[in-house]
Amino acid sequence: MFSFLVIAAGLCLLAYYILIRPFQHWSNRGVVQLSVAKLWWGNIKATLQLSPVADGLIKLYEQFPDCRYFGSYQLMSPMLLIKDIDLIKQLGVKDFDHFVDHNQLSNEKCDPLWGKNLIALKGDRWRDTRATLSPSFTSSKMKGMFNLMLECAEHFVQYFQHDGGSETVVVELKDVFTRYTNDVIASASFGVKCNSLEDRENEFYMMGKEATNFTGFWRNLSLLLMISCPKLANYLGMRVFSAEVCRFFRTLVVGNMREREAKGIVRPDMIHLLMEAKKGRLKHDDHITGVMDKGFAVLEESAIGKEEKRQKIQLTDDDVTAQALIFFFAGFDTVSTLMCFVAYELAVNPVIQQRLQEEVDFTLEECKGRLTYEALLKMEYLDMVISETLRKWPSGLALDRVCVKPYTIQPETDGEKPIHLRKGDLVMFPLYAIHRDEKFYPCPDRFDPERFSSENKNNIAPYTFIPFGVGPRSCIGNRFALLETKSLIFNILQHFDIVVVEKSVVPIKLSRKQFSLNAEGGFWFGFKPRSTSKAHSL
């Protein structure tokens, strides 16, 4: 009997340390959190992919309506989820020095090309690299790449045209838009010509698919482990990029640079800019050229990115390859996802689509039939549509920051206590839930570009619209992403109506199979040739 009691007590103690104690991190520090049972159920749903991650984030966000923050967990790793907009600004901007780093997925030793990229770098090394690369992404540099993007957009449209016929072409948008983003990045970043709609299994595209593939149970589980248990993931040798992907891009980038150096080739693309950055030759030049992008979602570079004294670091071949690869990684999937949701919203809101086509037609008349960079940036309604899509369907669901030195969140409301964050503590900004909070956006599920009109956009509270991040660590490639999206949407609407077809699922159902936003069963819609297309009248 005594032995039985000892064994039972031992099992209870073991169960407590495994099942309960890991989820008392925040409650022991006076921070509200869900019950242990609900936390375990949330982990089970996430691991078994029982519901879309986005839906789970909304439900979690709504659990504590009157709290500025609350405790949560990624598997068993604690994170503090920040809801208060002023607190997001405080942590992400004002006190940025305490929250410089992202959560590490994989270290440089295990996954060199991931560990060296701008997203993964930490501290002063990140600051130096950001300042070195930042001049590559100014509006004037984007102007230099514009014709490369426009050429890809025109080829995209030509592929679906059939000698002036009126037949609607049914497409799976994620597939065709991913092929477009692949070709844009290949051309505008790597100096490689691809036609992924015709050559459907070209090596560049297949490597891109491999690099960004996070579908399926085991791939999602490995990503979840890298996010929540990075030390265990590193011990197990888990990598974001496979060895095959690393070999391909390293060979491509280094070989490309060597050939350009040997032959004196200069091409207005990202490889050229990275080569110039490697030599310390790049400077911020928008104030000189006067070329500025004033789109609502465009982010102004922080002071850190403009520090000239930091723009002197020596980039190695691996550093350049790592940055080129992360631009591909970020642009290949997330930008095509943005395009999918833009097209979806236009298809199910034909009045909005018609108004945007009128602006497309007017712009073409102003440009005498040939779109220019400046004319595209002046399109106010197009910018409103893209901004509302980013509001409703942001490519990233949440933003993470790691506390790098002790920090105290002071109490401001009744019942709060000072929260002493330690080095290594993780905080999260739930941007997807903030973008759909009716306190900030009335009728948040309605697609309404008028929120971003010149009359209304000043009513949008700061830090309630953060699709590209917040503060100095925001997305460096936001201009590139917006420009390639606007270029393609413009060219499609010049020639086609985007329409609902028999295979379309309306309203859309979010996929449960991946962490990022995607449609269950795909985005099936149609390109119907316009009978009044300006392409025929100019």
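Residues numbered from 1 in each chain as written. Predicted model: local features only at pLDDT ≥ 70, side-chain atom pairs only at ≥ 80, totals over all residues. Heavy atoms only, no water.

Q: An account of the sheet that holds strand β8 (residues 496-499) is requested, with residue identities and associated values reported.
A: The antiparallel open sheet is built from 3 strands, whose spatial order is β3-β9-β8. If you trace the sheet from one side to the other, it starts and ends with β3 (169-172) and β8, each paired once. Taken pair by pair, the neighbouring strands of this sheet meet at an average axis angle of 30 degrees, ignoring direction. Where helix α15 (residues 317-348) meets the sheet, its contacts fall on β8 and β9 (524-529), and the angle it forms with β8 comes to roughly 85 degrees. (Pairing = 2+ DSSP bridges. Helix = DSSP H or I, 4+ residues; strand = E, 2+ residues; numbered from the N terminus. Axes fitted to C-alpha atoms, helices over the stretch in contact; angles between N-to-C directions. Contact = heavy atoms within 4.5 Å.)

Q: Talk me through the packing of helix α12 (residues 243-263) against helix α13 (residues 270-278); I want residue IDs and the actual numbers.
A: Relative orientation of the contacting elements α12 and α13 amounts to 75 degrees, with a least axis distance of 11 Å. Here α12 lies roughly perpendicular to α13, going by the angle between them. Together, Val253, Asn256, Met257, Arg260 and Glu261 of α12 and Ile271, His272 and Met275 of α13 make up the contact between the two elements. When the residues that make up the contact of α12 with α13 are grouped by side-chain class, the tally is 4 nonpolar, 2 polar and 2 charged. (Parallel < 35°, antiparallel > 145°, perpendicular 65-115°, else oblique. Nonpolar A, V, L, I, M, F, W, Y, C, P; charged D, E, K, R; others polar.)

Q: Talk me through the nonpolar core; I want residue IDs and the actual numbers.
A: The biggest cluster of nonpolar side chains holds 156 residues, and the ones touching the most others in it are Phe156, Phe177, Phe190, Phe249, Leu421 and Phe527. The greatest single-element share of this core, amounting to 19 residues, is contributed by α15. Summarising the domain contributions, this core has at least three residues from each of domain 1 (1-98 + 397-466) and domain 2 (106-394 + 468-537). Residues in contact with Phe190, not counting those within four places in the same chain, are Ile185, Phe204, Phe249, Leu252, Val253, Asn256, Arg260, Asp269, Ile271, Ala324, Leu325 and Phe328. (Core = buried A, V, L, I, M, F, W, Y, C linked by side-chain atoms within 4.5 Å. Buried < 20%, exposed > 50% of the residue type's maximum accessible area, 1.4 Å probe, protein only. Domains from an automatic or database assignment.)

Q: Which residues make up the sheet that holds strand β2 (residues 77-82), and what are the values?
A: Ordered by their spatial adjacency, 4 strands build an open sheet running β1-β2-β7-β4, and the pairing between neighbours is mixed. Both edges of this open sheet fall to β1 (69-74) and β4 (399-402), since each of them pairs with a single strand only. Across this sheet, the average inter-strand angle for adjacent strands is 35 degrees, counted without regard to direction. In this structure, β2 lies alongside strand β7 (residues 426-429), joined through 3 bridges in parallel fashion. Note on β7: the bridge partner recorded for Leu81 is Met428.

Q: Which residues make up helix α6 (residues 123-133), and what values go with them?
A: With 9 of its 11 residues buried, α6 lies for the most part within the structure. The inward-facing, buried residues of α6 abut α13 and α15.

Q: Tell me about the confidence of the model for the protein chain, residues and numbers included.
A: On average, residues of the protein chain score 85 in pLDDT, and 84% of them reach the 70 mark or higher. Mean pLDDT across the elements of the protein chain ranges from a minimum in helix α21 (residues 534-537), with 46, to a maximum in helix α18 (residues 380-392), with 98. Counting contacts from residues 534-538, a segment whose pLDDT is below 50, to residues more than four positions away or on other chains yields 10 contacts. (pLDDT = per-residue confidence, 0-100.)

Q: Describe in detail unusual backbone geometry, supporting the description with residues and values.
A: The step from Val506 to Pro507 runs through a cis peptide bond, and the omega angle for that step is -5 degrees. Phi is positive for Tyr463, close to 70 degrees, though the residue is something other than glycine. Residue classification places Tyr463 among the partly exposed positions, given a relative accessible area of 22%.

Q: Outline the pairing of β9, listing residues and values.
A: Summarising the sheet, β3 and β9 pair through 4 bridges and their orientation is antiparallel. Directly across from Glu172, in β9, lies its bridge partner Trp524. Looking at chain direction, β8 and β9 are connected through 4 bridges and run antiparallel. Each residue of the ladder has a partner; that of Ile498, found in β9, is Phe527.

Q: Pulling in residues and values, what's your account of the UniProt feature "binding site: heme" (unreviewed entry) in the protein chain?
A: UniProt annotation of "binding site: heme" (unreviewed entry) refers to Cys475 when read in the numbering used here. Inspection of the secondary structure puts Cys475 in the loop between α19 (431-435) and α20 (478-495). Under the relative-accessibility criterion, Cys475 is labelled partly exposed at 32%. (UniProt positions renumbered as here; feature names shortened; annotations may be inferred.)

Q: For the pattern of salt bridges, give the residues involved together with the corresponding values.
A: Going through the model one piece at a time under the given rule, you end up with 24 salt bridges. With a closest N to O distance of 3.5 Å, Glu412 and Arg68 form a salt bridge. With Glu412 in the loop between β5 (407-409) and β6 (419-421) and Arg68 in the loop between α3 (53-61) and β1, the pair connects residues that are 344 residues apart, well separated along the chain. A salt bridge links Arg436 to Asp445; its shortest N-O distance comes to 2.8 Å. On the basis of relative accessibility, which here comes to 15%, the residue Arg436 falls in the buried class. Classification of Asp445 as exposed rests on a relative accessible area of 54%. Through salt bridges with shared partners, a single network forms among Arg68, Glu412 and Glu416. (Salt bridge = Lys/Arg side-chain N within 4 Å of Asp/Glu carboxyl O.)

Q: Before we move on, could you go through the side chain of Arg473 and cite the residues and values that matter?
A: Here Arg473 lies in the loop between α19 and α20. At 2.8 Å, the side chain of Arg473 forms a polar contact with the backbone oxygen of Val100. Other than its neighbours up to four places away in sequence, Arg473 contacts Phe96, Val100, Asp101, His102, Leu118, Ile119, Ala120, Leu121, Trp126, Arg130 and Arg401. (Polar contact = N/O pair within 3.5 Å; in protein donor to acceptor, adjacent residues only side chain to side chain.)

Q: Run through the packing of aromatic side chains, naming residues and quoting values.
A: Summed over the entire model, instances satisfying the criterion amount to 28 aromatic pairs. Seen in terms of ring centroids, Phe248 and Phe249 are 5.1 Å apart; in terms of plane orientation they differ by 85 degrees. Their pairing is edge-to-face. By the burial criterion, Phe248 is buried, and Phe249 matches it. In this structure an aromatic cluster arises from ring pairing among Phe156, Tyr159, Phe160, Phe177, Tyr180, Phe496 and Phe527. Residue placement shows Arg436 over the ring face of Trp393; its charged tip is 4.6 Å from the ring centre. (Phe/Tyr/Trp six-rings, centres within 6.5 Å; stacked < 30°, edge-to-face > 60°. Lys NZ or Arg CZ within 6 Å of the ring centre and 35° of its normal.)

Q: Before we move on, could you go through α3 and cite the residues and values that matter?
A: Those residues of α3 lying buried are Ala54, Leu57, Ile58, Leu60 and Tyr61. The arc that holds every buried residue of α3, seen down its axis, measures 165 degrees, which confines them to one face. In this structure, the buried side of α3 is in contact with β1, β2 and α19. (Arc of directions from axis to C-beta.)

Q: Please set out the packing of α15 against α18 residue by residue, giving values where relevant.
A: One way to put it is that α15 packs onto α18 with a least axis distance of 10 Å and a crossing angle of 110 degrees. The orientation of α15 relative to α18 falls into the category roughly perpendicular. Contacts from Leu338, Phe341, Val342, Glu345 and Leu346 in α15 reach Val385, Ile386, Thr389, Leu390 and Lys392 in α18. Its residues assigned to classes, the contact of α15 with α18 comprises 7 nonpolar, 1 polar and 2 charged.

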